[in-house]
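# Summary of structural features
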Amino acid sequence: MLNILVLGGTDEARRLAAALAGRDGIHLVSSLAGRVRNPKLPVGEVHEGGFGGPEGLAAWLAERRIDVVVDATHPFAARMTASAVEATTGAGVPLLILRRPGWQEGPGDDWRWVPSLAAAAELLPELGERVFLSTGRRSLPVFADLDGLWFLARSVDSPEPPLPRHLEVLLSRGPFTVEGELALMREHRVDMLVTKDSGGEMTTAKLFAARELGLPVVIVRRPPPPDGVAAVETVEAAVAWLETAAGPEGVHAG
Ligand code: NAP
């Protein structure tokens with residue numbers, strides 16, 4: 001039996017769990033940070049909540065006799081990734097990173113790449129007055145002092161203070177359509193979009209809408225991936241890696 005831990009919280013992680021469900025010789029457990037009130041759950045066993053840092057994760061891997069870890073967390077979940085690298089290195093457990101590619105600027109786009117949310121906040125006042133903020137509820141405090149700007153913030157759960165003074169919150173979960181994003185941006189007369197370079201299909205619609213409306217997009221660069229760790233960009237490639245590279249037992253279709 002090959003025991004796989006998938007660090008999740010993403011569409012890819014759910015699709016990987018679904019792709020491996022029911023295969024002979026595999027037991028898969030997915031983990032979620034446990035922060036979203038009604039998370040979309042993957043099929044199969046789910047561990048909810050953190051592990052207690054790299055030491056806690058290493059102990060958990062040993063206790064559960066985990067043979068391989070797939071880090072399929074969001075590209076901005078840098079602490080979890082660092083913890084996975086440290087714990088698996090110490091425990092001698094193979095680690096694969098499944099990380100969807102970042103977004104690419106195309107003709108007609110006006111993207112301003114910034115290294116951090118704080119850098120994004122610094123740039124906003126010179127770009128306009130009405131901001132569509134799609135960087136997640138926990139990013140809002142970074143923008144809390146920008147009293148001269150109005151914000152439309154979209155998140156899955158309600159944000160907590162400190163919050164910008166002029167703020168409308170839209171509780172919503174993707175996927176979104178280009179038509180819907182266009183209507184939303186027009187209705188609120190936003191003149192810029194702020195996003196993280198999350199990549200993936202689920203949330204690209206806002207970028208196409210911004211292009212169509214000629215709006216500047218402030219886009220936060222991803223944290224760099226860890227050095228020297230096997231990495232793939234698709235669920236199919238992760239399954240193939242598990243089939244061939246996870247040690248002598250491998251992963252076999254049932
Ligand atoms: P983070 O800052 O890298 O992680 C903070 C701590 O939360 C980790 O040290 C770990 O606690 C726990 N944790 C994070 N992901 C976990 C997982 N999949 N399973 C178990 N524990 C986890 O992560 P984050 O940016 O807050 O993201 C939290 C979750 O939301 C992740 O699962 C991520 O895939 C998902 N997500 C994040 C974003 C984003 O923009 N950051 C967007 C969409 C989805 P311990 O140290 O106690 O183990």
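First, a word on what this report is: a plain description of the structure on this page. Fair warning: this is a prediction, and the values are worked out from it, not measured in the lab.

### Topic: the sheet that holds strand 10 (residues 192–196)
Within a beta sheet, neighbouring strands are joined by backbone hydrogen bonds and run either parallel or antiparallel to one another. Across the sheet, which stays open at both edges, the six strands sit in the order 6-11-10-7-8-9 with parallel pairing between neighbours. Since the sheet does not close on itself, it has two edges, and those belong to strand 6 (111–114) and strand 9 (167–171), each with one partner. Neighbouring strand axes in the sheet, compared pairwise and without regard to direction, differ in orientation by 20° on average. Strands in contact with helix 5 (residues 178–187) are strand 7 (130–133), strand 8 (150–155) and strand 9; relative to strand 8, the strand with the most contacts, it is inclined by about 150°. Most of the contacts of helix 6 (residues 205–213) go to strand 10, to which it runs at about 150°, and overall it touches strand 6, strand 8, strand 10 and strand 11 (217–220).

### With respect to unusual backbone geometry
The residue after proline 161, namely proline 162, is reached through a cis peptide bond having omega 0°. Examined against the element boundaries, proline 162 turns out to sit in the loop between strand 8 and strand 9. The omega torsion across glycine 174 and proline 175 is 0°, close enough to zero to call that bond cis. The topology assignment puts proline 175 in the loop between strand 9 and helix 5. A positive phi angle, near 50°, is found at arginine 189, a position not held by glycine. Within the fold, arginine 189 resides in the loop between helix 5 and strand 10.

Rules and cut-offs
- Residues numbered from 1 in each chain as written.
- Predicted model: local features only at pLDDT ≥ 70, side-chain atom pairs only at ≥ 80, totals over all residues.
- Heavy atoms only, no water.
- Pairing = 2+ DSSP bridges.
- Helix = DSSP H or I, 4+ residues; strand = E, 2+ residues; numbered from the N terminus.
- Axes fitted to C-alpha atoms, helices over the stretch in contact; angles between N-to-C directions.
- Contact = heavy atoms within 4.5 Å.

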